[in-house]
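Below, each chain spelled out in residue letters.
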Amino acid sequence: MYIKSHKDWFSKETDDGLAVLNPEGDKIFTLNRTASYIWKRACSGSKVSIDDILEGMKKEFTVREKDLKKYRKECMDIVRKNPELFDVCNNES
């Protein structure tokens, strides 16, 4: 699965994570550390795979290899439950 963030949305660091606003300014989302990390990776300008996000999380959050399955599910749940923030793509194209 590949994802990317919606175009033209804005984000601002907060003490607890990240605040994300749509271009019209009428929607705001507050993201925890994990969701913030996913958002930042998805804002790279191109699609990013869930596997690439998990590899980065493994290093940044010291995720153990045996916990990756759980984190994969959590990562995919965050993306699927927030269609306002992320576009889901099934392949690289």
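Anything mentioned here points back to the structure above.
Analysis parameters
Residues numbered from 1 in each chain as written. Predicted model: local features only at pLDDT ≥ 70, side-chain atom pairs only at ≥ 80, totals over all residues. Heavy atoms only, no water. Axes fitted to C-alpha atoms, helices over the stretch in contact; angles between N-to-C directions. Helix = DSSP H or I, 4+ residues; strand = E, 2+ residues; numbered from the N terminus. Parallel < 35°, antiparallel > 145°, perpendicular 65-115°, else oblique. Left-handed = near helix turned anticlockwise from the far one by under 90°. Contact = heavy atoms within 4.5 Å. Pairing = 2+ DSSP bridges.

> Tell me about the packing of helix α1 (residues 33-42) against helix α2 (residues 50-60), residues and numbers included.
With their axes 10 Å apart at the nearest point, α1 and α2 run at an angle of 130° to one another. Here α1 is positioned oblique relative to α2, judged by the angle of their axes. In the packing of α1 onto α2, the handedness of the crossing is right-handed. Each of Thr-34, Tyr-37, Ile-38 and Arg-41 in α1 lies in contact with α2, whose residues at this interface are Asp-52, Ile-53, Gly-56, Met-57 and Glu-60.

> Describe the sheet that holds strand β5 (residues 48-49), listing the residues and the values that go with them.
Strand order in the open sheet formed by 3 strands is β5-β1-β6, and the pairing between neighbours is antiparallel. Of all strands in the sheet, those bounded by a partner on one side alone are β5 and β6 (86-89). Two elements, strand β1 (residues 2-5) and β6, share 4 bridges in a ladder whose sense is antiparallel. Residue Tyr-2 lies in a different strand from β6, and its bridge partner there is Cys-89.

> Describe in detail the pairing of strand β3 (residues 18-21), supporting the description with residues and values.
Strand direction decides the pairing type here: strand β2 (residues 10-13) and β3, joined by 4 bridges, are antiparallel. In the strand pairing of β3, Ser-11 is matched with Val-20. Sheet topology note: the β3/strand β4 (residues 28-31) ladder contains 4 bridges and is antiparallel. If you follow Leu-21 over to β4, its bridge partner there is Ile-28.

Keep in mind these values describe shape, not function.
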